Amino acid sequence: MGAGAVVRRREEALVMVAVGVLLAGVIALPLLALLAGAVPFLLDATAVERGALLALLASASGLLLTSAGLAMAVTLTSVALGVPLGIALARLDVPGARAALLLHVAPMFLPPFLVALGWFHLLGRDGLLGSESGSRLLFSRAGHVLVLTLCLTPVVTSLVALAASGIAPVLEDAARIVAGARRIVLRILVPLTLPAATLAGLIVFTLAFSELGVPMFLRVPAYPAAILARLGGIDFAPNEALALSLPLLAFALLLFGVEWSLARRFGAPALALASSRRRLPLGRWRVFVGMVVWVYVICTFLPIVALLLHGLPALPEVTGWLGTSVRNSILAAGSAATLVTVLAATAGWAIGRRRPGSRVLDALAFVGFATPSALLGVALIALWNRPATSAVYGSLTIVVLGYVCRYAAIGMRTVTASVLQTPASTEDAAATAGAGFVRRLRGIIVPEQRRALLGAWLLAFVFSLRDLETPVLFYPPGGEPLTVRIFTLEANAPGAVVAGLATVQVVLTALVVVAGGALLRRSALA
Amino acid sequence: MSDAAIELRDVWASRDRRTALCGVSLVVRPGEVVGVVGPSGAGKSTLLRVILGLLAPDRGTVSIDGSVASTEARTLIAPEDRKLGMVFQDLALWPHLTVEGNLAFGLEARGVARAERTRRIDDVLARVSLDDERDRRPDTLSGGERQRVAIARALVLEPAAVLLDEPLASLDVLLKRQIRELLRELFAERRCAVLYVTHDPRELSELAHRIVILDEGAVVQDGTPEEIRSQPRGELVRRLVAAW
């Protein structure tokens with residue numbers, strides 16, 4: 001057998017090893033570098049230094065628990081709101097359900113601190129609906145929970161809606177001949193969307209716990225902010241930042257453990273590739289349910305309207321303030337999304353087909369997503385901030401690596417969900433005809449999964465575009481994305497300029513989402 | 001008032017903007033087993049959806065147990081209040097509920113008291129030989145066991161009429177015979193009205209009192225199996241009889 005034939009036989013294994021090495025390099029290596037740096041640092045520290053670090057950790061433990069508690073509050077309220085909303089918008093005959101879902105998910109694609117800014121334009125002292133009490137509510141822990149809940153509920157809504165759309169209509173028919181709508185929702189639809197709701201809850205907790213922009217804007221003390229403060233500005237103390245980031249490892253491992261056990265219990269949630277046209281009639285409750293849904297949806301969209309009202313008139317003034325931030329955002333998010341899509345096409349497929357070693361790839365990606373961004377930032381700094389790697393650390397590449405680390409899981413899971421619903425027979429037929437893995441990947445898997453791959457690219461792009469927490473810790477000079485630009489100018493630039501910059505972010509995101517949506521529709525028709 | 005368990009008068013219905021039923025009239029009396037036979041696209045599934053109340057007829061009247069249930073695009077009796085049992089073609093067992101949970105769901109919805117619920121579930125599970133499987137979920141059962149759960153779920157409601165949509169379609173030859181025998185015994189015991197939809201007339205041998213042949217949404221022939229065999233009307237019925 002020639003060398004070419006041997007390579008062809010081992011193509012799949014070689015590709016998966018390469019993907020594994022890439023994922024390990026991007027995700028596991030920085031965390032290992034962090035630990036490798038922390039151990040000698042702790043061993044070599046004097047008794048006084050060690051005492052000071054222990055005192056720091058002890059004093060910060062309250063803040064850590066508060067941050068975790070707030071993230072849990074956001075998670076519980078998001079799940080409590082998102083599950084009924086997702087089911088209502090996907091499976092009940094709510095008037096204008098499709099439009100409501102599109103409006104409702106919009107805040108999910110924006111940096112939450114911009115939504116907080118929108119709420120400030122509404123409820124702040126000088127806001128459109130402003131009052132002293134409204135302002136006090138906004139700048140409090142309750143306001144923090146409220147803003148993040150309204151930003152992150154769409155994660156639950158959209159995943160539950162996708163899962164609900166995937167429920168075979170006949171299961172609902174079987175229930176309709178014996179039970180009314182309320183019982184069908186509570187006993188059939190809600191339990192069947194439970195795996196998706198649980199996964200969504202985990203994602204919301206991860207995002208809420210990592211959140212930096214909202215607590216800093218609303219002046220609510222948060223653990224990630226304590227780390228950021230020690231990586232820049234007058235409190236610069238990188239060793240303290242390193243020490244403070246270590247407890248977050250426990251959180252990352254805990255989240256990973258929870259996800260692992262959920263995956264064992266439920267398997268991958270079945271997410272529909274197309275929405276079901278069948279909707280459960282609500283009868284006399286239709287108007288009431290429709291009103292409740294629409295009031296909530298309008299509430300979630302209201303801050304964006306307020307932001308645009310303030311920002312649109314200021315757009316002509318912001319050109320000079322943008323610098324290269326828009327280019328940086330697009331370049332970094334686009335590069336990261338492309339890399340994530342490559343990982344999704346290979347690893348996402350392998351997970352869906354339960355190929356050997358695929359659970360390891362899935363676990364690696366999820367660890368990257370579950371790692372709080374403050375810990376991830378410190379870990380990336382620990383690995384790449386060296387003279388030998390200054391080409392990476394001093395350029396947008398480090399931002400791209402950060403995005404890939406955080407969002408590889410989202411792209412991979414998107415493709416996995418699609419692969420799980422695609423019969424393997426066409427791939428088997430190609431293999432039987434003698435096609436090696438690379439040929440099957442190019443000729444069968446990628447064309448078959450093109451819609452999921454496009455979705456993976458779009459999600460990775462939009463989530464990177466909205467990300468503040470990851471790049472804010474290590475963006476290179478002149479390489480700050482737009483989110484970081486707005487965040488750093490928030491305290492010092494005129495309010496109109498900040499609102500104008502925020503509007504640029506909203507418009508940019510809207511353009512990407514609308515164009516991506518159109519492409520997804522076209523690829524569905526093709 | 002009619003004594004029919006199910007009665008359709010000149011029913012027209014459409015699905016996906018295409019006419020699927022064209023003036024269908026049909027009567028099923030208590031204790032009667034009526035088979036509906038027709039090729040794919042004949043309107044069999046639409047007929048069942050109209051009777052169940054999952055689809056309102058464009059024209060005509062559907063009566064259940066003597067009461068008008070839907071007429072002229074209006075649903076007067078909701079699906080859950082029609083007191084019908086149904087065995088779906090792909091069974092439609094709720095995957096997150098156990099065998100007992102699948103049977104209890106409809107009884108709970110109809111407000112049947114706990115003791116009565118337990119009695120009925122015990123009875124019907126014993127009858128279909130599944131009394132030891134009550135705590136298992138559908139995905140852990142064999143094809144034949146799942147089929148029996150679906151039949152038990154329809155019968156436990158003690159419905160005025162049972163509708164079956166291709167109940168043997170996905171079974172192998174041996175299981176088909178076993179389940180058909182079970183159905184024959186259950187129909188005789190329960191004496192409820194039965195509407196049995198299939199594309200294979202052989203399934204109805206020794207089961208159906210009457211057979212209705214449906215083609216392109218219209219009733220082509222309605223008669224006893226012997227009448228259909230001896231006096232087939234039209235090419236389709238002749239071909240069906242030849243394949244019987």
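The rules behind each value
Residues numbered from 1 in each chain as written. Chains lettered and ligands numbered in written order. Predicted model: local features only at pLDDT ≥ 70, side-chain atom pairs only at ≥ 80, totals over all residues. Heavy atoms only, no water. 1 Å grid on protein atoms, 1.4 Å probe; cavity = no way out; pocket = protein on both sides within 12 Å on 5 of 7 lines; lining within 4 Å. Points joined across faces, edges and corners; volume = space filled by probe spheres on them. Helix = DSSP H or I, 4+ residues; strand = E, 2+ residues; numbered from the N terminus. Nonpolar A, V, L, I, M, F, W, Y, C, P; charged D, E, K, R; others polar. Contact = heavy atoms within 4.5 Å. Buried area = accessible area lost by both parts, 1.4 Å probe. Salt bridge = Lys/Arg side-chain N within 4 Å of Asp/Glu carboxyl O. Pairing = 2+ DSSP bridges. Axes fitted to C-alpha atoms, helices over the stretch in contact; angles between N-to-C directions. Buried < 20%, exposed > 50% of the residue type's maximum accessible area, 1.4 Å probe, protein only.

1. What about empty space enclosed by the protein?
A complete count under the given rule lists 5 cavities of 30 Å³ or more for this structure. In this structure, the largest cavity encloses a volume near 100 Å³. A:Ala174, A:Val178, B:Trp94, B:Arg153 and B:Leu157 are, among the 14 residues lining the largest cavity, the residues nearest its centre. Among the elements that make up the lining of the largest cavity, the one with the highest residue count is helix H2 (residues 99-109) of chain B (3 residues). Looking at the lining of the largest cavity residue by residue, the classes come out as 10 nonpolar, 3 polar and 1 charged.

2. Examining the interface of chain B and chain A
On the chain A side, the residues contacting the 25 residues of chain B number 17 residues. With both sides pooled, the region where chain B packs onto chain A buries about 1800 Å², and carbon together with sulfur makes up 65% of that total. The largest contributions to the chain B side of the interface with chain A come from B:Trp94, B:His96 and B:Phe105, which together make up 30% of the buried area. Taken together, the connections running from chain B to chain A amount to 3 salt bridges. Here A:Arg187 ties to B:Glu108 by a salt bridge, and the two come within 2.6 Å at their closest N and O atoms. Those elements giving two or more residues to the side of chain B that touches chain A turn out to be helix H1 (44-52), strand S7 (84-87) and H2 of chain B. Its residues assigned to classes, the side of chain B that touches chain A comprises 14 nonpolar, 3 polar and 8 charged.

3. Here's the deal with the sheet that holds strand S3 (residues 33-37) of chain B
Residues and elements named next belong to chain B. Taking strand neighbours across the sheet as the criterion, the 6 strands line up as S7-S8-S9-S3-S10-S11 in an open arrangement whose pairing is mixed. Strand pairing shows two members of the sheet lacking a second neighbour, S7 and strand S11 (218-223), which therefore form its edges. Averaged over all neighbouring strand pairs, the angle between strand axes comes to 20°, with direction disregarded. Sheet analysis places S3 next to strand S9 (residues 193-198), joined by 5 bridges and oriented parallel. The residue bridging Gly35 from the neighbouring strand is Tyr196, located in S9. The sheet strands contacting helix H4 (residues 143-155) are S7 and strand S8 (161-165), and the helix crosses S7 at an angle near 170°. Strands S3, S8 and S9 of the sheet are contacted by helix H5 (residues 173-190), whose axis makes an angle of about 155° with S9.

4. Let's talk about the environment of A:Ser464
Residues and elements named next belong to chain A. Here Ser464 is to be found in helix H23 (residues 450-466). The buried category is assigned to Ser464, whose relative accessible area is 1%. For the pair Ser464 and Gly180, spaced 284 residues apart in sequence, the C-alpha separation works out to 43 Å. If sequence neighbours within four positions are ignored, Ser464 has contacts with Ala333, Ala336, Tyr403 and Tyr407.

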